[in-house]
Amino acid sequence: MAGVPGSALALELRGITKRFGDLVANRSVDFDVVGGEVHALLGENGAGKTTVMRIAYGLTHADSGAILVGGRHVPIRSPRDAIAAGIGMVTQHFSLVGPMTVAENLALGRSTGLRLDLAAARRRAAQAAERFGIRVDPDARVADLSVGEQQRVEILKALARDCRVLILDEPTAVLVPGEIEVLFATLRSLVGEGMSVVFISHKLAEVRAISTRVSVLRHGQMVGTVAGATDERELARMMVGRPMFGVERSAASEVPGEAAPVLRIVDLRLDGPHGRPSLEDVSLDVRGGEILGVAGVSGNGQTELVAALSGMRRPVAGSVSVDGVDLTGADPRRMTAARVGRIPEDRHACLIPGLSVAYNLVMERLDDFRRGGRIDERAIQANADELIARFHIRASPDDPVATLSGGNIQKVLLARVLSRDPRVLVVSQPTRGLDVGATEYVRSQLLARRADGAAVLLVSEDLDELLALADRLIVLYEGRVVGEMAAGDADREQLGMLMAGRGRNP
Amino acid sequence: MRLPRTSPRYRLSPWSTPALVVIAVAITFLVTSGPILLAGANPIAAYAEFVVIPLTSRFTLLEVLVSATPILFTGAAVAIAFRAGYWNIGAEGQLLLGATAAAGVGAAVGDLPAIVALPAMLAAGALAGASWALLPALLRVRFGIDEVVTTLLLNPVALLLVTGLLHGPWRDPVTGFPESPRIAASAEFPALIDRSRLHLGFVIGLIVIAIAWYVIARTPAGLRLRAVGLSPHGARFAGISVSRTLIVAALASGAVAGLAGVSEVAGIQHRLTSGLSPGYGYTGIVVATLGTLAMPGVILAALFLGDLAVGASTAARSLGIPSQLGAVVQGVLLLTVVALLALRRGRSTRPADTGPAGAEATDDESAPVEEPVA
């Protein structure tokens, strides 16, 4: 449990306890990070990882416990105190001003006087690019950047405030393989300069790849601290308290090869920012009983593809059809009527968080739940009871969706979609941010739909997920399909090259 | 980036909202005791005068109901729109249009019986109010033009329309005063109680609020309206037409505000005057907010502000303090309630699971709604 020899303790938490009502988020947690190391904080969703680091950054206050910086007690009442003590944090939800440029955002985080020093911000961005390989165009509008680039801006912001300890909360959750490598390279050069990095994650492979040490939290308590190279099975056992097993498609996938496709997309084109199309000439077929995986680095058209199939974006050219029925430019109502089930990545925004679970479950088909002129509350309640039991949603029908955990929110959306027996399933990042149990459940549900003959389009940034579930893969790069292969023939290196835009031309 | 205009409040006991309003009232009295002391009165006596005294005599009690009548309508009008996330600040103008229509129809009905005259006047007033609300609603859903600005700016336009009429074609031919001709006797709202100004408008207001409550709480259309107000993106994703919902909410809101104008013309003034509304449309925003956008809350808030209005004018006479102190109390109360609501929201919600900056920037609530207007 000792720190890395020869390095000073940069940040130390002692006996941090935090309660939210009846829930104990952290129970007497000890944690430390020294200069020149990446110290991972590993645990399932709800294990208390984020809470303890929010306490270190002053976003939340501990009920008891102490925070030491460089060996001295430091009262941290707010992020301002934390920043003054040299602590920086990149939370999962970025605090960037979308309509402003990168340089303006950097200057905002730093300026104390009246003048907005854009030249200095630009200089700092150039220095960071040189020293740490963090490359961002200082004159780009933040809202136009990919999520990975926005994260780089957040890291730049923290560096601009001279932080010595950088806390990253699930930084890879929003990234894809290519971007993750860039992030890791950045982190290595940061610790190479003697900085400390706290890396919050629940992904074993990443934690092992980047960490000097790993501390594991379970149910708010520290299970232990081990070396970064510890065996995956051992880490998993510490994290979940049981060995994990994976959900995979049956190897013998009897895809009806000659059957007509259910979902057919021909030459689809969508406009994007900067007058560049975000999707161009995308054609694909998905047959019944097949999962087509869509691989690609985020920001290469996946979001737009799902939005078009969800009825949220209107294509400028091309066509979409289901079982031969043209659905080009259909609105969400027509899409659902054509039995297209939609589970996009921004699941929170696709529900109505302020309304109850029961109402959200019937929101797509309120007209089926009316008696006379009024809402049939009894039928809605019965429907909710049934779906909550069937999909193992841990909530009561009257709970507002906003009070649910991420996994249960995903199950609500899943239940709403699957209860309508969809012919086509459009699913994006279905397990992002979910814990192991919820992930397995969601994956098994997708495979069950495939077994029932649904056509599934699965967009994911998790290559393991795509390789485990999909029958076929396509790769999107800059809005175009740059590769297609059977999942059985796919090899990671080739996929990585295609995703990075270094594959053969389409 | 995105204004948290109506972030929902989660997991609250059913008592917390009334408790919050009571706390707000207490804080308001504390804060306003300063100006009352400056005016040379005892704050306790002043509050008794503001709140309690009006309830102690038959005459003032009925006057409280009279004062509450127009703001019952405007409060409901604002609450309907706000629940849909449509920020109608134009109830004042919609009220004036409703009043104008009522004065026109009321003068034209002549000898028709009340059973025809009153519904005709109510229908004309509702229609006029709704039509004044239509343009901002269309601009909002078609071009994403912020309705806060457009509805607000149409208020002085409506007032100019009224004064233009009163100084032109509708000027009283006998007296030359800028007042419209008196409406027909059959078009006047009957008094509910002898020897009082309390009129049919009060009952109609309660009926309108009951209908609004039923529609919002119990019908699919009302659930859609709430869904759009809580999360426009989520509602659109579920296949709800956000544009149509916003337009319907705007028209319903304008119609109810128009009825406020009918009620004042038919129940109190019996003609159109330029001083018909001392800002009832704006007070409606206060009423809706104090009532936390719930219909029962609107009734309570309207009654309380009616009480305060009567109390402030009697206090001016009995204690010799400026009657504007009533408006001061009302203003401080609004700020306190809004502040407490914001505080409660901050405490009771966890950080929202929203996307990164790019995703939020494209999800701007006031952006044009990307769907055809049905």
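Just so you know, these numbers come straight off a predicted model, no measurement behind them.

### Considering the overall build of chain B
Next, step 1: When helices and strands are counted, chain B shows 14 helices and 0 strands.
Next, step 2: Per-residue burial for chain B yields a buried fraction of 49% across its 374 residues.

### Observations concerning the overall build of chain A
Next, step 1: Looking only at helices and strands, chain A features 17 helices and 22 strands.
Next, step 2: At 24 Å, chain A has a C-alpha radius of gyration in line with the 23 Å of a compact globule built from 506 residues.
Next, step 3: Along the first, second and third principal axes, the C-alpha set of chain A runs to 70 × 50 × 50 Å.
Next, step 4: Taking all 506 residues of chain A together, 53% fall into the buried category.
Next, step 5: Look at the contacts in chain A between residues 6 or more apart in sequence, and 67% of them connect residues 24 or more apart.

### A short note on unusual backbone geometry
All names here are of chain A.
Next, step 1: Even without being a glycine, aspartate 323 presents a positive backbone phi close to 50 degrees.
Next, step 2: In this structure, aspartate 323 sits in the loop between strand E14 (317-322) and strand E15 (325-326).
Next, step 3: Assessed through the 16 C-beta atoms surrounding it within 10 Å, aspartate 323 is described here as partly exposed.

### Quick word on the domain arrangement of chain A
Residues and elements named next belong to chain A.
Next, step 1: As far as domains go, chain A holds domain 1 (9-240), domain 2 (247-339 + 422-506) and domain 3 (348-420).
Next, step 2: For domain 2 and domain 3, the distance between their C-alpha centres works out to 26 Å.
Next, step 3: Listed per partner, the contact involves 12 residues of domain 2 and 9 residues of domain 3.
Next, step 4: Sorting elements by how many residues they give to the side of domain 2 that touches domain 3 places helix H15 (residues 436-451) first, with 5 residues.
Next, step 5: Per-class residue counts for the side of domain 2 that touches domain 3 are 6 nonpolar, 3 polar and 3 charged.

### Some remarks on the nonpolar core
Within soluble globular proteins, side chains that are nonpolar generally end up buried alongside one another.
Next, step 1: In terms of nonpolar packing, the biggest core is built from 197 residues, with A:Val456, A:Leu457, A:Leu458, B:Ala76 and B:Val298 touching the most fellow members.
Next, step 2: When residues in this core are grouped by element, the largest group, 15 residues, is from helix H10 (residues 242-269) of chain B.
Next, step 3: Two domains share this core, each providing at least three of its residues, namely domain 2 (247-339 + 422-506) and domain 3 (348-420) of chain A.
Next, step 4: Those residues within four positions of A:Leu458 in sequence are excluded, and the remaining contacts are A:Ile291, A:Leu292, A:Gly293, A:Val294, A:Val427, A:Leu446, A:Leu466, A:Leu469 and A:Ala470.

### What about the pairing of strand E8 (residues 196-201) of chain A?
Residues and elements named next belong to chain A.
Next, step 1: Across the 6 residues that make up E8, a large majority, 6, are buried.
Next, step 2: In E8, alternate side chains face the same way, and those of Ser196, Val198 and Ile200 on one face and Val197, Phe199 and Ser201 on the other are all buried.
Next, step 3: Two strands pair when backbone bridges link them, and strand E3 (residues 38-42) and E8 are joined in this way by 5 bridges, in the parallel orientation. Its bridge partner being in E8, alanine 40 is matched across the sheet by phenylalanine 199.

### Quick notes on the confidence of the model for chain B
Residues and elements named next belong to chain B.
Next, step 1: On average, residues of chain B score 86 in pLDDT, and 88% of them reach the 70 mark or higher.
Next, step 2: Of the regions scoring below 50 in pLDDT, residues 1-14 engages in 31 contacts with residues more than four places distant in sequence or in other chains.
Next, step 3: In this model residues 348-374 is a low-confidence stretch, pLDDT under 50, and it forms 65 contacts with partners more than four residues away in sequence or in other chains.

### A word on the sheet that holds strand E9 (residues 213-218) of chain A
Within a sheet, neighbouring strands are paired by backbone hydrogen bonds and run either parallel or antiparallel to one another.
Residue and element names in this part refer to chain A.
Next, step 1: One open sheet holds the 6 strands; their spatial order is E6-E7-E8-E3-E9-E10, and the pairing between them is mixed. Looking at which strands have only one partner, the edges of the open sheet turn out to be strand E6 (87-90) and strand E10 (221-227). On average, adjacent strands in this sheet sit at an angle of 20 degrees to one another, irrespective of strand direction.
Next, step 2: Bridge count between strand E7 (residues 165-169) and E8: 5 bridges; the pairing is parallel. Residue pairing across strands places leucine 168 opposite phenylalanine 199, the latter belonging to E8.
Next, step 3: Each of E3, E7 and E8 is contacted by helix H6 (residues 177-192), which is oriented at about 145 degrees to E8, the strand it contacts most.

### Some details on the sheet that holds strand E21 (residues 472-477) of chain A
Residue and element names in this part refer to chain A.
Next, step 1: Across the sheet, which stays open at both edges, the 6 strands sit in the order E16-E19-E20-E13-E21-E22 with mixed pairing between neighbours. Edge positions in the sheet fall to strand E16 (340-343) and strand E22 (480-486), since each has one partner strand and no second. Pairs of neighbouring strands in the sheet enclose a mean axial angle of 15 degrees, with direction left out of account.
Next, step 2: Note: strand E13 (residues 290-295) against E21, 4 bridges, orientation parallel. Each residue of the ladder has a partner; that of leucine 292, found in E21, is arginine 472.
Next, step 3: On top of the sheet, helix H9 (residues 302-310) reaches E13, E16, strand E19 (424-428), strand E20 (455-459) and E21; it is set at about 145 degrees to E19, its chief contact.

### Here's the deal with helix H5 (residues 114-143) of chain B
Owing to its 3.6 residues per turn, the α-helix aligns residues three or four sequence positions apart on the same side.
Next, step 1: Taking 1.5 Å per residue as the helical rise, H5(B) with its 30 residues ought to reach 44 Å, and the 43 Å between its terminal C-alpha atoms agrees with that figure.
Next, step 2: When the local axis directions of H5(B) are compared, the greatest deviation, roughly 30 degrees, occurs at B:Leu134, which is followed within four positions by the proline B:Pro136.

### Examining the environment of A:Val325
Residues and elements named next belong to chain A.
Next, step 1: Tracing the sequence through the fold places valine 325 in strand E15.
Next, step 2: Assessed through the 10 C-beta atoms surrounding it within 10 Å, valine 325 is described here as exposed.
Next, step 3: Taking the C-alpha atoms as reference points, valine 325 and leucine 217, separated by 108 residues in sequence, lie 51 Å from one another.

### Section: the packing of helix H7 (residues 200-218) of chain B against H10(B)
Two measures define how a pair of helices packs: the angle their axes make with one another and the distance between the axes.
All names here are of chain B.
Next, step 1: Interhelical geometry of H7 versus H10 gives an angle of 165 degrees and a closest axis separation of 9 Å. By the angle between their directions, the pair H7 and H10 is classed as roughly antiparallel. The hand of the H7/H10 crossing is right-handed. Where H7 approaches H10, its residues Leu200, Gly201, Ile204, Gly205 and Val208 are matched on the opposing element by Val256, Leu259, Ser263, Ala266 and Gly267.

### A short note on the pairing of E3(A)
A regular strand places its side chains so that they alternate between the two faces of the sheet.
All names here are of chain A.
Next, step 1: Of all the 5 residues making up E3, 5 are buried; the element is thus mostly covered by neighbouring parts of the structure.
Next, step 2: Of the two faces of E3, the one carrying Val38, Ala40 and Leu42 and the one carrying His39 and Leu41 are both buried.
Next, step 3: Relative to E9, E3 is paired through 4 bridges, and the arrangement is parallel. Among the inter-strand pairings, leucine 41 is bridged to a residue of E9, identified as serine 215.

### Details of helix H6 (residues 147-167) of chain B
Residues and elements named next belong to chain B.
Next, step 1: For H6, built from 21 residues, the straight-helix expectation of 30 Å at 1.5 Å per residue is met to within 8% by its first-to-last C-alpha distance of 30 Å.
Next, step 2: For H6, every residue scored as buried is listed here: Glu147, Thr151, Leu154, Asn155, Ala158, Val162 and Leu166.
Next, step 3: Those residues of H6 that are buried are in contact with helix H4 (91-108), H5 and helix H11 (280-290).

### Quick notes on the environment of A:Pro75
Next, step 1: If you trace the backbone, A:Pro75 turns up in the loop between strand E5 (72-73) and helix H2 (79-84).
Next, step 2: Taking the C-alpha atoms as reference points, A:Pro75 and A:Val52, 23 residues apart in sequence, are found 15 Å from one another.

### Section: the packing of H4(B) against H6(B)
All names here are of chain B.
Next, step 1: Where H4 contacts H6, the axes come no closer than 7 Å and their chain directions differ by 25 degrees. The angle between H4 and H6 falls in the class roughly parallel. Relative to H6, H4 is oriented so that their crossing is left-handed. Contact with H4, carried on its side by Glu92, Gly93, Leu96, Leu97 and Thr100, involves Leu154, Asn155, Val157, Ala158, Leu159, Val162 and Leu165 of H6 and no other residues of that element.
Next, step 2: Considered class by class, the residues forming the contact of H4 with H6 number 8 nonpolar, 3 polar and 1 charged.

### What about the confidence of the model for chain A?
Next, step 1: Averaged over all residues, the pLDDT of chain A equals 86, while 91% of them reach at least 70.
Next, step 2: Least confident of the elements in chain A is helix H17 (residues 492-499) of chain A, whose mean pLDDT is 75; most confident is helix H12 (residues 357-362) of chain A, at 97.

### Structural notes on the environment of B:Thr283
All names here are of chain B.
Next, step 1: Note that threonine 283 resides in helix H11.
Next, step 2: Residue threonine 283 is classed as buried on the basis of its C-beta count, with 27 C-beta atoms lying within 10 Å.
Next, step 3: Separated by 47 residues in the primary sequence, threonine 283 and glutamine 330 have C-alpha atoms spaced 9.1 Å apart.
Next, step 4: Residues contacting threonine 283, with those up to four places away along its chain left out, are Ile71, Thr74 and Leu305.

Conventions and cut-offs
- Residues numbered from 1 in each chain as written.
- Chains lettered and ligands numbered in written order.
- Predicted model: local features only at pLDDT ≥ 70, side-chain atom pairs only at ≥ 80, totals over all residues.
- Helix = DSSP H or I, 4+ residues; strand = E, 2+ residues; numbered from the N terminus.
- Buried ≥ 20, exposed ≤ 12 C-beta atoms within 10 Å, placed from the backbone.
- Rg over C-alpha atoms; globule rule 2.2 N^0.38 Å.
- Contact = placed C-beta atoms within 7 Å.
- Domains from an automatic or database assignment.
- Nonpolar A, V, L, I, M, F, W, Y, C, P; charged D, E, K, R; others polar.
- Core = buried A, V, L, I, M, F, W, Y, C linked by C-beta atoms within 7 Å.
- Pairing = 2+ DSSP bridges.
- pLDDT = per-residue confidence, 0-100.
- Axes fitted to C-alpha atoms, helices over the stretch in contact; angles between N-to-C directions.
- Expected span 1.5 Å × (residues − 1).
- Bend = angle between axes of the 7 residues up to and from the residue.
- Parallel < 35°, antiparallel > 145°, perpendicular 65-115°, else oblique.
- Left-handed = near helix turned anticlockwise from the far one by under 90°.

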